[in-house]
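Now for the letters of each chain:
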Amino acid sequence: MRRVEMTGGTQDIHGLMASAYTDESKRNHVAVFVNMSDKPASVRIRMNGRPENASAELIPYTTSAESNLKRGDALDASSPFEVPARSVMSLVNAAH
């Protein structure tokens, strides 16, 4: 895996921070969001090279005071989603 550029928003140590990674050989992509705020953060992502309205399934894994890498229901990358307050959320897209 190698880190790739993620643009938009800010890297706020008291709010939302984000990074992204790719493994081109396996066609896997991961986005990691850290929300230090006491409030959920609304996020919408767009993967370069994919039309904005194209559907892509992302699997969230969330760690917080209540959960440890809890797998959530698949999210549609073309729709906004929330990163829970005081949590780390990894979104995994395994392109097939």
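Each chain has its residues counted from 1, running along the sequence as written. Confidence filtering applies because this is a predicted model: local features only for residues at pLDDT of at least 70, side-chain atom pairs given and counted only at 80 or more, and all residues used for totals across whole chains, interfaces and linings. Remark: hydrogens and water are excluded; side-chain values derive from all non-hydrogen atoms of the structure.

## Looking at the overall build of the chain
Item 1. Scanning the chain from terminus to terminus reveals 0 helices and 9 strands.
Item 2. Mapped in sequence order, the helices and strands of the chain form the string β-β-β-β-β-β-β-β-β.
Item 3. The 96 residues of the chain split such that 32% are buried.
Item 4. Pairs at least 24 residues apart make up 49% of the contacts formed inside the chain by residues separated by at least 6 positions. Every helix listed is a DSSP run of H or I at least four residues long, and every strand listed is a run of E at least two residues long, numbered separately from the N terminus. We call a residue buried when its accessible area falls under 20% of the maximum for its residue type, exposed when it is over 50%, and partly exposed in between, using a 1.4 Å probe and counting protein chains only. Throughout, a residue-residue contact means that at least one pair of heavy atoms, one from each residue, lies within 4.5 Å.

## Structural notes on the environment of Thr62
Item 1. Checked against the element boundaries, Thr62 lands in strand S5 (residues 57-63).
Item 2. The class of Thr62 is buried, set by a relative accessible area of 12%.
Item 3. Here the alpha-carbon distance between Thr62 and Leu91, two residues 29 residues apart in the chain, equals 8.8 Å.

## What to know about the environment of His29
Item 1. Mapped onto the secondary structure, His29 falls in strand S3 (residues 28-35).
Item 2. As a C-alpha pair, His29 and Arg3 span 26 residues in sequence and 9.9 Å in three-dimensional space.
Item 3. What His29 contacts, discounting residues up to four positions off in sequence, is Tyr21, Thr22, Leu91, Val92 and Asn93.
Item 4. N or O atoms within 3.5 Å of each other form a polar contact, as long as, within protein, one can give a hydrogen and the other can take it, and as long as residues adjacent in sequence are counted only when both atoms are side-chain atoms. At 3.0 Å, the side chain of His29 and the side chain of Thr22 are in polar contact.

## Some remarks on the pairing of S5
Item 1. Strand pairing follows a simple DSSP-based rule, namely that at least 2 bridges must link the two strands. Note: S5 against strand S7 (residues 75-76), 2 bridges, orientation antiparallel. Paired with Leu58 across the strands is Leu75, a residue of S7.
Item 2. Note: S5 against strand S6 (residues 70-71), 2 bridges, orientation antiparallel. Following the sheet pairing, Thr62 is matched in S6 by Lys70.

## Some thoughts on unusual backbone geometry
Outside of glycine, negative phi angles account for most residues, and trans bonds account for most peptide bonds.
Item 1. Positive phi values are uncommon outside glycine, yet Leu69 reaches one of about 50°.
Item 2. By secondary structure assignment, the location of Leu69 is in the loop between S5 and S6.
Item 3. Its identity as a non-glycine residue notwithstanding, Arg86 has a phi of 50°, on the positive side.

## Remarks on the pairing of strand S2 (residues 16-23)
Item 1. When strand S1 (residues 2-4) meets S2, the two strands line up antiparallel, connected through 3 bridges. Looking at S2, one finds that Arg2 is bridged to Thr22.
Item 2. Of the strand pairs in this sheet, S2 and S3 are connected by 8 bridges, and their pairing is antiparallel. Of the residues in S3, the one forming a bridge with Ser19 is Val32.

## Let's talk about the packing of aromatic side chains
Ring pairs (aromatic) are described by centroid distance and by the angle formed between their planes.
Item 1. Each Phe, Tyr or Trp ring (for Trp, its six-membered ring) is paired with any other whose centre lies within 6.5 Å, and the angle between the two planes then decides the class: stacked below 30 degrees, edge-to-face above 60, tilted in between. According to the stated counting rule, one finds 1 aromatic pair in the structure shown.
Item 2. Taken together, a centroid distance of 5.9 Å and an interplanar angle of 75° make the contact between Phe33 and Phe81 edge-to-face. Note that Phe33 is positioned in strand S3 and Phe81 in strand S8 (residues 81-83), a separation of 48 residues in sequence.
Item 3. With a relative accessible area of 3%, Phe33 lands in the buried category.

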